[in-house]
Amino acid sequence: MAVCVAIIGKNNSPKFFTCLNPDEELNFQYKVLWSLDVVEEKLNAGSKGGTDLRELYLGMLYSLETHKIYGYVTNTKIKFIIIVDSTNMALRDNEIRSMFRKIHAEYADIVCNPFYIPGEPICSKSFDINIKNIMTGTV
């Protein structure tokens, strides 16, 4: 399903980053950073246009030849970015939304952990395993 997931803080600092292929990690990091500009544009356009700001799912941010990049923003301005392989035509929009909801639930669980320091990168191995299970669709 997904090949990369990133969680970005409200000040655009990375909180978590994982991908299925470690050899392409730097390439995916660049794509995530590029997508943050599109996220900011969509958030600014939404606040000026009077659209519903309760809609957390931003949809497809942009599409490349090899990958499609989707975005999601929480009420606290935490950004979730998912990179999906373009060759996967069976993946529908509601499945992407479902992945974002599951990632958001996992993020909420890790933030509620009393040992997590707010604002710090997420270093939990169980969180990484759960996110990779969501990415591969084994949840």
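- The protein chain is annotated in an unreviewed UniProt entry as Trafficking protein particle complex subunit 2-like protein of Aromia moschata.
- As stated in UniProt under Subcellular location (unreviewed entry), the record for the protein chain gives "Cytoplasm, Perinuclear region".

**Observations concerning the state of the cysteines**
What is meant by a disulfide is a covalent connection between two cysteines, made through their sulfur atoms.
Step number 1: Following the criterion strictly, the structure yields zero disulfides and no others.
Step number 2: Here Cys4 is not cross-linked by a disulfide; its sulfur's nearest cysteine counterpart is in Cys19, at 5.4 Å.
Step number 3: The closest cysteine sulfur to the non-disulfide-bonded Cys123 is located on Cys19, 16 Å from its own sulfur.

**Considerations on the nonpolar core**
Soluble, globular proteins show a tendency: their nonpolar side chains are buried together.
Step number 1: Grouped together as the largest cluster of nonpolar side chains are 25 residues, with contacts concentrated most on Ile7, Phe80, Ile82, Phe100, Ile103 and Ile131.
Step number 2: Broken down by element, this core gets its largest block of residues, six residues, from helix H2 (residues 93-111).
Step number 3: Counting 17 residues, the second-largest nonpolar core is a separate cluster that includes Ile8, Phe28, Leu61 and Ile69.

**A few points about the pattern of salt bridges**
Step number 1: For the structure on display, the rule yields three salt bridges.
Step number 2: For Lys132, the salt bridge is made with Asp128, and the minimal N-O distance between the two is 3.9 Å. With Lys132 and Asp128 both in helix H3 (residues 125-136) and four residues apart, this pair spans about one turn of that helix.
Step number 3: Classification of Asp128 as partly exposed rests on a relative accessible area of 23%.

**Some points on the pairing of strand S2 (residues 14-19)**
Step number 1: In the sheet, strand S1 (residues 2-8) pairs with S2 via five bridges, with the strands oriented antiparallel. Within S2, the position partnered with Ile8 by the bridge is Pro14.
Step number 2: Hairpin remark: S1 followed by S2, antiparallel, with five residues in the connecting loop; positive phi at Asn12, about 65°.

Definitions and limits used
- Residues numbered from 1 in each chain as written.
- Predicted model: local features only at pLDDT ≥ 70, side-chain atom pairs only at ≥ 80, totals over all residues.
- Heavy atoms only, no water.
- UniProt positions renumbered as here; feature names shortened; annotations may be inferred.
- Disulfide = S-S within 2.5 Å.
- Core = buried A, V, L, I, M, F, W, Y, C linked by side-chain atoms within 4.5 Å.
- Buried < 20%, exposed > 50% of the residue type's maximum accessible area, 1.4 Å probe, protein only.
- Helix = DSSP H or I, 4+ residues; strand = E, 2+ residues; numbered from the N terminus.
- Salt bridge = Lys/Arg side-chain N within 4 Å of Asp/Glu carboxyl O.
- Pairing = 2+ DSSP bridges.

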